[in-house]
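Structural overview for review
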Amino acid sequence: RPPRSTQSRSSAASDVYKRQVSTQSTWGLRSDGRYTEVHTPFTMRAAELKALFNELKLKNVSLDERLDILLRTKWTAKEFDHPVTREIAELIDREADMLNRGRSETSLEGLRKRLCNLFLQFIENPDFNPEAA
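Because the structure is predicted, anything quoted here is derived from the model rather than measured.

We now examine helix α3 (residues 63-77). The end-to-end C-alpha separation of α3 is 21 Å, in line with the 21 Å expected for 15 residues at 1.5 Å each. Turning to α3, its buried residues number three or more, namely Arg66, Ile69, Leu70, Thr73, Lys74, Thr76 and Ala77. Mapping the buried residues of α3 onto a view down its axis gives an arc of 160°, with all of them on the same face. Across from the buried face of α3, at angles greater than 90 degrees, the exposed residues are Asp64 and Trp75. Buried residues belonging to α3 abut α2 (41-56), α4 (83-100) and α5 (109-124).

Okay, here's the thing in structure tokens:
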């Protein structure tokens, strides 16, 4: 089942969702009254994806920083062969090309919004992020 459209979800609800899937599990109350926090490979992966998504949304970063973010995002998405990940890689290549040509930040807004929406779909898909299940 494909993930539901991110356009219908508010930004606040999306932030709550990402926070929920990327937080560690807490297990039972110990004898001293504290909980044990458990970081599983799935929660660690979800936290990495959340951090990468937040970096994609950053504005006013240097050209080198933006290209680094794009490259890490591309390699993360290319771990899987899927239409969404191929489109993410294509948009990243397009943005990198436009950045290297000196395009303004305002001319990249639509492309960046589309890239963020696609990466959010990637994060919400249990095939790529098991913690999203």
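Time to look at the packing of α2 against α5. Two elements in contact, α2 and α5, have axes whose closest approach is 10 Å; the angle formed by their N-to-C orientations is 175°. Between α2 and α5, the interaxial angle falls into the category roughly antiparallel. Facing Arg45, Leu49, Leu52, Phe53 and Leu56 of α2, the residues of α5 in contact are Leu115, Cys116, Phe119, Leu120, Phe122 and Ile123. Classifying every residue of the contact of α2 with α5 by side-chain character gives 10 nonpolar, no polar and 1 charged.

This paragraph deals with the pattern of salt bridges. Within the structure shown, the criterion is met by 11 salt bridges. Where aspartate 97 meets arginine 101, a salt bridge forms, and the shortest distance between an N and an O atom there is 3.1 Å. For arginine 101, a relative accessible area of 64% puts it in the exposed group. For arginine 112, the salt bridge goes to glutamate 105, with nearest N and O atoms at 2.6 Å. The exposure class assigned to glutamate 105 is partly exposed, which follows from its relative accessible area of 38%. Residues joined by salt bridges that share partners form a network here, namely Arg66, Glu95, Glu105 and Arg112.

Okay, the packing of aromatic side chains next. Counted by the stated rule, this structure contains 4 aromatic pairs. Each ring, one from phenylalanine 122 and one from phenylalanine 128, has its centre 4.7 Å from the other, and the planes form 20°; the classification is stacked. One exposure class covers both phenylalanine 122 and phenylalanine 128, and it is buried. A network of ring pairs unites the aromatic residues Phe80, Phe119, Phe122 and Phe128 as a single cluster.

Thresholds, definitions, all that
- Just so you know, the residues in each chain are numbered from 1, in the order the chain's sequence is written.
- For this predicted model, a pLDDT threshold of at least 70 governs which residues receive local features, and a threshold of 80 or more governs which side-chain atom pairs are given and counted, while totals over whole chains, interfaces and linings are taken from all residues.
- By convention in this description, side-chain values take in all heavy atoms of the structure and omit both hydrogens and water.
- Helical segments are the DSSP runs of H or I of at least four residues, strand segments are the runs of E of at least two, and each set is numbered from the N terminus.
- Every helix has an expected span of 1.5 Å times one less than the residues it contains.
- Each residue's exposure class comes from its accessible area (1.4 Å probe, protein chains only) as a fraction of the maximum for that residue type: buried when under 20%, exposed when over 50%, partly exposed otherwise.
- To be clear, the arc concerns the directions from the helix axis to the C-beta atoms.
- The criterion used for residue contact is that any of the two residues' heavy atoms lie within 4.5 Å.
- Only the stretch in contact is used when a helix axis is fitted, and all axes are lines through C-alpha atoms; the angle between N-to-C directions ranges over 0 to 180 degrees.
- What sets the label is the angle itself: under 35 degrees gives roughly parallel, over 145 gives roughly antiparallel, 65 to 115 gives roughly perpendicular, and the rest give oblique.
- Nonpolar residues are Ala, Val, Leu, Ile, Met, Phe, Trp, Tyr, Cys and Pro. Charged residues are Asp, Glu, Lys and Arg, and all others, Gly as well, are polar.
- Salt bridges are defined as contacts in which a side-chain nitrogen from Lys or Arg sits within 4 Å of a carboxyl oxygen from Asp or Glu.
- Two aromatic rings from Phe, Tyr or Trp, using only the six-membered ring of Trp, form a pair when their centres are within 6.5 Å; if the ring planes differ by under 30 degrees the pair is stacked, by over 60 it is edge-to-face, and anything between is tilted.

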